[in-house]
Amino acid sequence: MTEKKSPGEWPRHKAEEFLQVFYKGAEFTKELMDENEKLRYRIMQIEEQVENKDSDPNLKDRLVKMEQAIKSLEEDKERLLRRHEEVEKENKDFADRYIVVQEENNNLANLYIASHQLHSTLDYKEVLRIVLEIVINLVGAETFCLMLLDEKHNEMSTVAAEGIEVHQVKNIKIGKGIIGKVAKNGESYFSENITADVEISLEKPIACVPLKIKENVIGLLVIYSLLVQKAHFKSIDYELFNLLASHAATAIYSAKLYSQSERKLSTIQGFLDLLTETPQRKPE
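Let us look at the structure shown here. Residue numbering note: each chain is counted from 1, following its sequence as written. Since the coordinates come from a predicted model, pLDDT governs what is reported: local features require at least 70, and pairs of side-chain atoms require 80 or more to be given and counted, while whole-chain, interface and lining totals use all residues. Side-chain measures were taken over the full set of non-hydrogen atoms in the model, leaving aside hydrogen atoms and water.

1. Section: the overall build of the chain
Here's step 1: By definition, any uninterrupted DSSP run of H or I lasting at least four residues is a helix, any uninterrupted run of E lasting at least two residues is a strand, and each is numbered from the N terminus. Within the chain one finds five helices and six strands.
Here's step 2: When the elements of the chain are put in sequence order from the N terminus, they spell out α-α-α-β-β-β-α-β-β-β-α.
Here's step 3: Remark: exposure states derive from per-residue accessible area (1.4 Å probe, protein chains only) relative to the maximum for the residue type, with buried under 20%, exposed over 50%, and partly exposed in between. Taken over 284 residues, the chain has a buried fraction of 30%.
Here's step 4: It only takes one pair of heavy atoms within 4.5 Å for two residues to be counted as in contact. Long-range pairs, those at least 24 residues apart, make up 57% of the contacts in the chain between residues at least 6 apart in sequence.
Here's step 5: For accessible areas, the Shrake-Rupley method is used with a probe of radius 1.4 Å. Any residue's cover is judged against the shown protein chains and nothing else. When the accessible surface of the chain is totalled, it reaches about 20,100 Å², and 52% of it is carbon and sulfur.

What follows is the structure in structure tokens.
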């Protein structure tokens, strides 16, 4: 029965197989070169015999056969060298693919942990704190803010930020500027220029990702700069943005509703306590 291998072991197993082929090819090449040397030495001996007239009648045929054998060995050597180069290239490709797969697995594992943290609490402030930590550690953002929809005034208002103060980011009307347009159409925005030496502009973010529940935008993740070690967005980042936007939106919306219901319940309970409070009797 064939032993099954996990996805993480497959590239390494394949690389080991190619390395075995390479080592065998190298040994065979060495043997061919040794044999080639022996044949060349034998030809030199025969040529000396011809010069000394010590050759036999079949010497010419033997020389032809030896030359053909040498030519065949040289062709085999060239073929093995080409195969060796191909194996080396394939090994490098598999090693690069293994690194990419390993990185994606790590990112997905981190996202799973982050999403679990998001949905493990209904405390509104705690959810916002967790979102900030995820954006720093998972995305690699340095300066960014989290905005939520203010339906009453039809604008986006900042509720949390990192690298800047919340009050520094003004409320953005829906449809106005880059941020307002993302809030209106629900499509992510990514700037072509995200180099570290670009001056930060609160009206021109390098990325703006809508937080949506189904097709309704309830907030925005607005990124102004990345950490020094993060030079650009990778392909995996865009997948993380999509997943993060969905999980963060659900967690924030649920926590906000829970917080509002808690306040209403507390108000109603206080009112009921007032109604059921037994009036004190006046002394006679």
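2. Some points on helix 3 (residues 124-139)
Here's step 1: Its 16 residues place the ends of helix 3 22 Å apart at the C-alpha level, agreeing with the 22 Å of an ideal helix rising 1.5 Å per residue.
Here's step 2: Here a polar contact means two N or O atoms within 3.5 Å. Within protein one must be a hydrogen donor candidate and the other an acceptor candidate, and residues neighboring in sequence count only if both atoms are side-chain atoms. Residue D123 occupies the N-cap position of helix 3, its side-chain oxygen lying 3.3 Å from the main-chain nitrogen of K125.
Here's step 3: Following helix 3 by one or two positions, G140 adopts a phi angle in the positive range, close to 85°. Multiplying one less than the number of residues by 1.5 Å gives the expected span of a helix.

3. Brief notes about the pattern of salt bridges
Here's step 1: Between Lys or Arg on one side and Asp or Glu on the other, a salt bridge is scored when a side-chain nitrogen of the former is within 4 Å of a carboxyl oxygen of the latter. Scanning the entire structure with this criterion turns up six salt bridges.
Here's step 2: Put simply, R83 and E86 hold a salt bridge, and the shortest N to O gap is 3.3 Å. Of this pair, R83 and E86 both sit in helix 2 (residues 59-118), three residues apart, roughly one helical turn.
Here's step 3: Look at R83 and you get partly exposed, because its relative accessible area is 34%.
Here's step 4: Note that R129 is salt-bridged to E133, the shortest N-O span being 2.3 Å. With a gap of four residues between them, R129 and E133 both fall in helix 3, about one helical turn apart.
Here's step 5: Look at R129 and you get partly exposed, because its relative accessible area is 36%.
Here's step 6: Exposure remark for E133: the relative accessible area of 36% places this residue in the partly exposed category.

4. Side note on the side chain of S225
Here's step 1: Within the secondary structure layout, S225 lies in strand 6 (residues 216-226).
Here's step 2: At 3.0 Å, the side chain of S225 and the side chain of T143 are in polar contact.
Here's step 3: The residues contacting S225, other than those within four sequence positions of it, are A141, E142, T143, I200 and I206.

5. Overview of the nonpolar core
Here's step 1: Here, nonpolar core means buried Ala, Val, Leu, Ile, Met, Phe, Trp, Tyr and Cys residues that are tied together by side-chain atoms lying within 4.5 Å of each other. Formed by 37 residues in total, the largest nonpolar core has its most connected members in V131, V135, L211, L221, I223, F233 and I252.
Here's step 2: Looking at this core, the elements with two or more residues in it are helix 2, helix 3, strand 1 (141-150), strand 5 (207-213), strand 6 and helix 5 (235-276).
Here's step 3: With 10 residues, helix 5 is the single largest residue contributor to this core.
Here's step 4: Beyond its immediate sequence surroundings of up to four residues, I223 is in contact with V139, A141, T143, F144, P205, I206, A207 and F241.
Here's step 5: Core analysis: the next-biggest nonpolar cluster, separate from the first, contains 15 residues, C145, M156, I164 and I172 among them.

6. Regarding the state of the cysteines
Here's step 1: Note on disulfides: each one is a pair of cysteine sulfur atoms within 2.5 Å. Under the definition given, this model contains zero disulfides.
Here's step 2: With no disulfide partner, C208 has as its closest neighbouring cysteine sulfur the one in C145, 8.2 Å distant.

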